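# Working through the structure, step by step
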Amino acid sequence: MSGRLAGVAVVLAVCAGCDRPAATDATADTASLEALDTQLAALEADVEVLATYEAIFENELEYTRGLDRHDETLENAVFWREAAISYGTLVPFDELAAWANASHANSAAHQHHVTGLTLDVDGDTAHEEGYIVYSSDMQRDKSHDRVGVPTPGRVVPGSYATLGTGRYVNRYERRGDDWRMIVHEYVHDISMRLEAVDLCATGCIGRWDRTDISYLRPLAPLTVEERQTRAEQSKTPQATPDAAGEAR
Amino acid sequence: MLGRIGNGSRLAAAFATLGVAVIVFALVRAPEAQESVSSAALIASLQARLAAVDPQVRYLKDRRDIFDVQKRYTRGADRHDKDLVRSAFWPEATISFGTPMTRDEYVDWEESALAGYAAHQHHITGQTVEVDGDVAHVESYVIYFLVPRDRSVDATGPATLGRAWTSEKTRLGSGRYIERWERRDGEWKILVREYVEDLALLGDTVDLCSSRGCLGTWDRTDLSYVRPLEHQTAEQRQARGDVNLEPRHPQGSGGAR
C-alpha cells in the first residue's frame, strides 16, 4: 500500500512540476490525473481488502462477546435474519440467543476466544473460518444463585471443565456496508477435561448482563470497595435451593 | 475506473448516456474548454475518493496500533521486560487486578508476582475497540498459563525461567483486560485498566526444563531480541537451554535434549 501511496505522490509531483508550453499543458495534466486515478483505485482496492477482513473479524468477536455476556442484542446483530445457524441441528435465528444463553447458564463460567481466521472474499460473499478456544461446562452450584439475576457462579467442588477448540465455518454476506453471517456451522475439534477453579469463592466480578464493567463509559478506575461489592454479589448465597431453580 | 456507475440503475444509465452526449458535443464544439472541464471534474472526484479512503485507513491504523501496544505489554510481561510493559501505559495510568495501582507500582508488582512461577505466557486473542476521537474503549480477551515453580532448585542471580514443581497444578486462566485508552501526539496508550478474571482451570504440570530443555529467558538475552536472527545450532540451543538449569542440577539437564 505504501508503494502505491508513493506512486500517487510521484504523480502529484509530476503534475506540480508542469511548466511546458500551453498547448501540451492540458494533455499532460490529463495524463497525470488519469495515472493518479489508477493509483487511487489500487489503493482503494487494498483498503477494501483490509477493511473487509477487519469487519468480519470484528463480527466474530462481537458474537463471542455476545455469548460471554449473554447479550441478546450482540448475538442477534451478527446474523442476517434468515441465517442458517447450526450446532448440530438448526437453531432458528429468533431462538438462538435464548438457547445459547440458557445452555451457557448451566455452567459456572465460560469464555470463547477467537484466535484467528482465514477469509476468502468474492464480491458480496465471503467464506470465513474462525478458530475458537473456549472453556465451559464447569458444574454450577445453583444453591448460591441469586434469584432473577443470572451471573457467573460457584463451581461444584471437585468438578471438571471443558477446554475445547473448534471452528466457526461461516458464509458471510454483505448488504450495504454490513457484513453478517448467513450460514454458521460449528465444528467441534477437540475437548479436554481440566479441573475447574471456583473463582467466585473469593469473588468474581464478571456479569452476564450489561452491568458487567466492560459496558461502563467512560471507564473509571474501580475503588476497592466497588470491586468488593461486585464480588460479594456473586459470592453471597442469596437464594434458597428451592428458589434457585427460578434463577435462570 | 474513471466513471464508476453506481449500481446500474436505469436512471444512472440515462444520466451517463446524457453525460457522454454532452461530452461528445463539447469536444466537437470546443476541445480546449472541454479539456479543463473534465480535468476539474476528475480532480473533484479524486478528492472525494481520497476523503472517503482516509478515515477507513485511519480506523484500521488505530485498531492496529492498539493491538500492537497490547501485544507489546504481554510480551514485556512474559520476558520480564519492565521497560516494555511500562511503555504501554501513560505515566498517570491506574491499573487494577483488585487493588488500584500506579504505573510504577504495577510494573514492579507484576514482575515480582510472575517471578514466583517457573514459566508463564499470556495470549491476547481478540480485542473489541470503540474509538471516539483520541479516546478508545478497549476490551481484550486473554488466555494465560502459569506453571508452579520448584524454588529448591533455583539458581542464584537474576530471576529466570525455572524448574516446574510437578506435584502442583499448572493454571490456565481466561479473562479480560477492560481499558480506557488515550491518544497523545499520535500515540495510543492505556490510561485505565481493570482486569476481570472469568475462569481458571488446573492441569497436570510438565517440567519442560528437565524434559525438553527451555530456551526462554526473562531478560533481553532471550532469542526474540536477537537481531538479525540467525539459525541456532543444536549446541547453541543446548547452551541456552542449560542456562536455566545451573548450577544445582548438573544431572538430567544437558543430556535431556
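Described below are features of the structure shown in this document.

Calculation criteria
- Residues numbered from 1 in each chain as written.
- Chains lettered and ligands numbered in written order.
- Predicted model: local features only at pLDDT ≥ 70, side-chain atom pairs only at ≥ 80, totals over all residues.
- Heavy atoms only, no water.
- Helix = DSSP H or I, 4+ residues; strand = E, 2+ residues; numbered from the N terminus.
- Buried < 20%, exposed > 50% of the residue type's maximum accessible area, 1.4 Å probe, protein only.
- Contact = heavy atoms within 4.5 Å.
- Buried area = accessible area lost by both parts, 1.4 Å probe.
- Salt bridge = Lys/Arg side-chain N within 4 Å of Asp/Glu carboxyl O.
- Polar contact = N/O pair within 3.5 Å; in protein donor to acceptor, adjacent residues only side chain to side chain.
- Nonpolar A, V, L, I, M, F, W, Y, C, P; charged D, E, K, R; others polar.

### A word on the overall build of chain A
In terms of helices and strands, chain A carries six helices and six strands. From first element to last, N terminus to C terminus, chain A shows the α and β order α-α-α-β-β-α-β-β-β-β-α-α. The buried share of chain A, reckoned over its 248 residues, is 45%. For chain A, long-range pairs separated by at least 24 residues make up 68% of all intrachain contacts whose partners lie at least 6 apart in sequence.

### What to know about the interface of chain B and chain A
In this assembly, 52 residues from chain B lie in contact with 53 residues from chain A. Surface buried jointly by chain B and chain A totals about 4500 Å² across both partners, of which 63% is contributed by carbon and sulfur atoms. The three residues of chain B that bury the most area against chain A are Tyr141, Glu194 and Leu201 of chain B, which together make up 13% of that side's buried surface. At the surface where chain B touches chain A, the tally comes to nine salt bridges. We note a salt bridge from Arg176 of chain B to Asp212 of chain A, for which the minimum N-O separation is 2.7 Å. The interface formed by chain B and chain A contains 25 residue pairs in polar contact (both at pLDDT 80 or more). Breaking the side of chain B that touches chain A down by element, the ones donating at least two residues are helix H2 (31-78), strand E1 (89-96), strand E3 (117-132), strand E4 (135-148), strand E5 (170-184) and strand E6 (187-203) of chain B. The dominant element in the side of chain B that touches chain A, judged by the number of residues it contributes, is H2 of chain B, at 13 residues. Grouping the constituent residues of the side of chain B that touches chain A by class yields 24 nonpolar, 14 polar and 14 charged.

Function cannot be read off these values alone, since they describe shape.
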